[in-house]
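Listed below are the residues making up each chain.
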Amino acid sequence: GPLADSVFKIYNEMGIDFGHDFYNRDHVNVYGAEKYTRFLAQYLAENYNISDRRGDSQYSETWNAGYAEWEKAVQEHKILIDDAIAAENVAK
């Protein structure tokens, strides 16, 4: 129906790959989360007047430290996901 069509249109806009971007049937993994976050950030920027604070020194120290920790965790999770996908494909 129309709702399903619009949902799949959004998945296509995000570039979601159901065989790669989901942890299970209901939850995205880190790859899907990145795609969703980019999509949402673009939507918010285009539709709302939200200030970009990335260059603001008041926020940069805590933001940069938190981002560095997050990026390390993301890279570790991507390795685990890639290994699991490769193992599943070999098993097939």
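Here the residue index of a chain counts from 1 through its sequence in written order. Whole-chain, interface and lining totals are the exception, using all residues; otherwise, since this is a predicted model, local features are given only for residues with pLDDT of at least 70 and side-chain atom pairs are given and counted only at 80 or more. Here the side-chain values reflect all heavy atoms present in the structure, with hydrogen atoms and water set aside.

1. A look at the packing of aromatic side chains
Thinking step 1. Pairing of aromatic rings covers Phe, Tyr and Trp, the last through its six-membered ring, and needs centres within 6.5 Å; plane angles under 30 degrees mean stacked, over 60 mean edge-to-face, and all others mean tilted. Enumeration according to the criterion identifies 6 aromatic pairs in this entry.
Thinking step 2. Ring centres of Phe8 and Tyr11 lie 5.9 Å apart, and the angle between their planes is 65 degrees; this geometry places the pair in the edge-to-face category. On the criterion of helical spacing, the pair formed by Phe8 and Tyr11 is a turn pair, its members being 3 residues apart in helix 1 (residues 2–14).
Thinking step 3. Using a relative accessible area of 48% as the deciding quantity, one classes Phe8 as partly exposed. Going along the chain from the N terminus, every DSSP run of H or I of four or more residues is numbered as a helix, and every run of E of two or more is numbered as a strand. Each residue's exposure class comes from its accessible area (1.4 Å probe, protein chains only) as a fraction of the maximum for that residue type: buried when under 20%, exposed when over 50%, partly exposed otherwise.

2. Some points on the pattern of salt bridges
Thinking step 1. By definition here, a salt bridge exists when the distance from a side-chain nitrogen of Lys or Arg to a carboxyl oxygen of Asp or Glu is within 4 Å. Taken as a whole, this structure holds 3 salt bridges when the rule is applied.
Thinking step 2. Here Lys35 and Asp21 are joined by a salt bridge, their closest N and O atoms 2.7 Å apart. A residue pair is termed long-range when its members are at least 10 positions apart, and Lys35 in helix 2 (residues 30–47) and Asp21 in the loop between helix 1 and helix 2 qualify at 14 residues. Taken individually, Lys35 and Asp21 each receive the classification buried, so the pair is uniform in this respect.
Thinking step 3. Ionic pairing is found between Arg25 and Asp26, a salt bridge with its closest N-O pair at 3.5 Å. In terms of burial, Arg25 and Asp26 fall into one category: exposed.

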